[in-house]
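What follows is the residue order along each chain.
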Amino acid sequence: MVDRGARSSEAMVEATTRPTVVARVETTHGEWVLRRGIENCRPVFEVIGNGSFLMDTREAESEEALARLALEGRPAACVLIGGLGLGFTLRACLSFEPK
């Protein structure tokens with residue numbers, strides 16, 4: 001017989017975990033930290049610069065909107081992305097299809 005109560009509590013632990021530090025580097029511009037956690041059974045990465053939260057992988061709507069705004073109405077646009085961050089803007093630019 002399977003103890004479903006124990007199994008469901010294990011699944012809850014795996015579904016969400018507090019972020020842990022993956023990498024930490026001290027620069028002339030302060031400390032930069034990459035953290036990884038689990039949220040709804042999916043990995044979530046966070047970038048923290050000098051103690052301030054900068055970005056994460058929870059949502060990318062603003063980055064994707066920025067790419068659309070830059071490319072809409074420009075059939076052969078060249079795009080320069082300053083800083084890749086987590087790559088959402090790059091991915092949106094590469095997958096953009098004009099209407």
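The written sequence of each chain sets the order in which its residues are numbered from 1. For this predicted model, a pLDDT threshold of at least 70 governs which residues receive local features, and a threshold of 80 or more governs which side-chain atom pairs are given and counted, while totals over whole chains, interfaces and linings are taken from all residues. Side-chain descriptors were evaluated using all non-hydrogen atoms of the structure, hydrogens and water having been removed beforehand.

Engineer: How should the pattern of salt bridges be read in this particular structure?
Structural biologist: Close approach of charged atoms allows side chains of opposite charge to pair. Just to be clear on terms, a salt bridge is a Lys or Arg side-chain nitrogen sitting within 4 Å of an Asp or Glu carboxyl oxygen. Using the criterion set out here, one finds 6 salt bridges in the structure. The salt bridge involving E46 is made with R35; its shortest N-O contact spans 2.5 Å. Taken together, the residues E46 in strand 3 (residues 42-49) and R35 in strand 2 (residues 30-39) connect sequence positions 11 residues apart. Using a 1.4 Å probe on the protein chains alone, a residue whose accessible area is under 20% of its type maximum counts as buried, one over 50% counts as exposed, and one in between counts as partly exposed. On the accessibility criterion, E46 (6% relative accessible area) is buried. Counting from the N terminus, the helices are the DSSP runs of H or I reaching at least four residues and the strands are the DSSP runs of E reaching at least two.

Engineer: Would you explain a nonpolar patch on the surface in this entry?
Structural biologist: Patch membership is restricted to residues that have no salt bridge and whose relative accessible area is over 30%. Joining uses 9 Å for like charges and 5 Å for the nonpolar side chains Val, Leu, Ile, Met, Phe, Trp and Tyr. Surface accessibility follows the Shrake-Rupley procedure with a 1.4 Å probe radius. Residue values consider only the protein chains on display as shielding. Residues V25, W32 and L54 make up a contiguous nonpolar surface patch of roughly 260 Å² in combined accessible area. Along the chain, L54 falls in strand 4 (residues 52-56).

Engineer: Honestly, helix 3 (residues 88-95) in this entry has me stumped. Any pointers?
Structural biologist: Residues spaced three or four apart along an α-helix face the same direction, because each turn holds 3.6 residues. Along helix 3, the residues classified as buried are F88, T89, A92 and C93. For helix 3, the angular spread of the buried residues around the axis is 135°, confining them to a single face. A contact between two residues is defined here by any heavy atoms of the two lying within 4.5 Å. Packed against the buried residues of helix 3 are strand 4 and helix 2 (61-71). Think of it as the arc spanned by the lines of direction from the helix axis to the C-beta atoms.

Engineer: Could you clarify how one ought to interpret unusual backbone geometry in this entry?
Structural biologist: Note: most peptide bonds trans; most residues except glycine with negative phi. At N40, a position not held by glycine, the phi torsion is positive, near 55°. The topology assignment puts N40 in the loop between strand 2 and strand 3. The exposure class of N40 is exposed, given its relative accessible area of 60%.

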